[in-house]
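# Coordinate analysis (summary)
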Amino acid sequence: ITPDGSKFVTSDAAGEIKLSSAHSGALLSTFSQDRIEPLNSLIILPDGKRVLTSTDSPGIKIWDIETGKQVDELTGKKADATCLALLPKESKVVVGARDGNLYIWDLEKKIVESSLYRTRFSRSLVRDIAVSKYGQTLVVASTRNEVEIWSIPLKHMRTSIHTEHIKLEDVVVQEVDSLEIISNGPDDEPTVWNSISGARITSMQKTPRGTKSMILSEDGSKLITCGENSPIVIFDLQNFIPLHKLGNPKTLSCSSLTLSGDDTTLTAATSIGTVSLQLSWSPLQVNKKCDRNQHAVWNPLNQSCVKACPAGLYKDEIAG
């Protein structure tokens, strides 16, 4: 989704790329692709004008979002990507390469600025990458079900965590008061880990099985998940409780989520098409049952008191 939340870019199973309006859902344009093949990564750059894509073929393509035409390409062994992640507020992208290593590309100069060599895990492919909010920490999900935590400035792997997932799919980094890692597999719940000790903090046990995608709000206080035959669930990460559920799990399946930079527009790729949700904050209502607890609030989802006070609830409004 573009930084201003007005448009989003999607790719279907075949790999055809389309630009649509986030407000009306209307198709605006289809990208001019010489060769259509399934994508493994699609990223809109912070300027909102360019899109990066990678496939199983070598090379990272750069597109003009308005014209839908390819304007440039990163080539070579270090651009043979299995996944991509942007560095915050910089024109740089982290490439999880097919050779098992990580490369940071400067998109303006079209050069590899630095390389992070995964010597210990060089035989395992990078399945997913997440970068912390301030761009200091890189988290890698490998095909060996390991989560690796790297210092970007030091180009050094600080620690690794062997997860309990049957198949590790993706990771996100929550960086508010402390740095926590959230990993996810399709057959179990997302799990929260301490980034320093590698200790397991908790599992999001009320998350429906089959979670396919998860994303953090900009401030890191909310985790949004979705999956096959499961609703979109919004979690409060201060208390690890579900705040809201969107959609009917019997009729809705979701494969991916993206959120605008201001946390107001959520776009989901679902079984009924691409759905855009306009999100707004609403304060939690204090129930009379909670009055005796000084900081307690009423959680309407499970009808119980919550001792800590989350920032608020999302209200969902389907826009397209």
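Residues numbered from 1 in each chain as written. Predicted model: local features only at pLDDT ≥ 70, side-chain atom pairs only at ≥ 80, totals over all residues. Heavy atoms only, no water.

### Let's talk about the sheet that holds strand E8 (residues 81-86)
- Within the open sheet, the 4 strands sit side by side as E8-E9-E10-E11. Their pairing is antiparallel. Of all the strands in the sheet, the pair left with one neighbour each is E8 and strand E11 (111-116). For this sheet the average axis-to-axis angle between neighbouring strands, irrespective of direction, equals 25°.
- As judged from the 5 bridges shared by strand E9 (residues 92-97) and strand E10 (residues 102-106), these two strands associate in the antiparallel manner. Looking at E10, one finds that Val95 is bridged to Tyr103. (Pairing = 2+ DSSP bridges. Helix = DSSP H or I, 4+ residues; strand = E, 2+ residues; numbered from the N terminus. Axes fitted to C-alpha atoms, helices over the stretch in contact; angles between N-to-C directions.)

### Description of the sheet that holds strand E20 (residues 211-216)
- Read across the sheet, 4 strands follow the order E20-E21-E22-E23 without closing on themselves; strand pairing throughout is antiparallel. Edge positions in the open sheet fall to E20 and strand E23 (241-246), since each of these has one partner strand only. Here the average twist between neighbouring strands, direction ignored, is 25°.
- Bridge analysis of E20 against strand E21 (residues 222-227) gives 5 bridges, and the strand direction is antiparallel. Looking at E21, one finds that Met214 is bridged to Thr225.

### Some remarks on the pattern of salt bridges
- On inspection of all chains with the given rule, the structure shows 9 salt bridges.
- For the salt bridge of Glu66 with Lys7, the shortest nitrogen-to-oxygen distance reads 2.6 Å. In this pair, Glu66 is assigned in the loop between strand E6 (60-64) and strand E7 (70-74) and Lys7 in strand E1 (residues 7-11), connecting sequence segments 59 residues apart.
- Taking relative accessible area as the criterion, Glu66 reaches 49% and is therefore assigned partly exposed.
- On the basis of relative accessibility, which here comes to 21%, the residue Lys7 falls in the partly exposed class.
- Connected through shared salt-bridge partners, Asp47, Arg50 and Glu108 make up one network. (Salt bridge = Lys/Arg side-chain N within 4 Å of Asp/Glu carboxyl O. Buried < 20%, exposed > 50% of the residue type's maximum accessible area, 1.4 Å probe, protein only.)

### Describing the state of the cysteines
- For the structure shown, the criterion picks out 1 disulfide.
- Note that Cys226 is cross-linked by a disulfide to Cys254, the S-S spacing being 2.2 Å. Its S-S torsion of about -60° marks the bond between Cys226 and Cys254 as left-handed, since a negative value means left-handed. Here Cys226 is found in strand E21, whereas its partner Cys254 is found in strand E24 (residues 254-259), with 28 residues between them in sequence. Residues Cys226 and Cys254 agree in their burial class; the two are buried. (Disulfide = S-S within 2.5 Å.)

### Quick look at a negative patch on the surface
- Together, Asp4, Glu218, Asp219 and Asp262 make up a negatively charged patch on the protein surface.
- Summarising the element assignment, Asp262 is placed in the loop between E24 and strand E25 (265-270). (Patch = residues over 30% accessible without salt bridge, like charges linked within 9 Å, V, L, I, M, F, W, Y side chains within 5 Å. Areas by Shrake-Rupley, 256 points an atom, 1.4 Å probe, with all protein chains shown as cover. Lys, Arg positive; Asp, Glu negative; His and termini not counted. Charge placed at Lys NZ, Arg CZ, Asp CG, Glu CD.)

### Regarding the nonpolar core
- Formed by 16 residues in total, the largest nonpolar core has its most connected members in Leu52, Ile60, Leu74, Leu84, Val93, Val95 and Trp105.
- For this core, the secondary-structure elements that each account for two or more residues are E6, E8, E9 and E10.
- Setting aside its immediate chain neighbours within four residues, Ile60 contacts Leu52, Thr53, Ser54, Asp72, Glu73, Leu74, Ala79, Ala81, Leu84 and Val95.
- Within the second largest apolar cluster, 15 residues are counted, among which are Cys83, Leu87, Ile104 and Leu116. (Core = buried A, V, L, I, M, F, W, Y, C linked by side-chain atoms within 4.5 Å. Contact = heavy atoms within 4.5 Å.)

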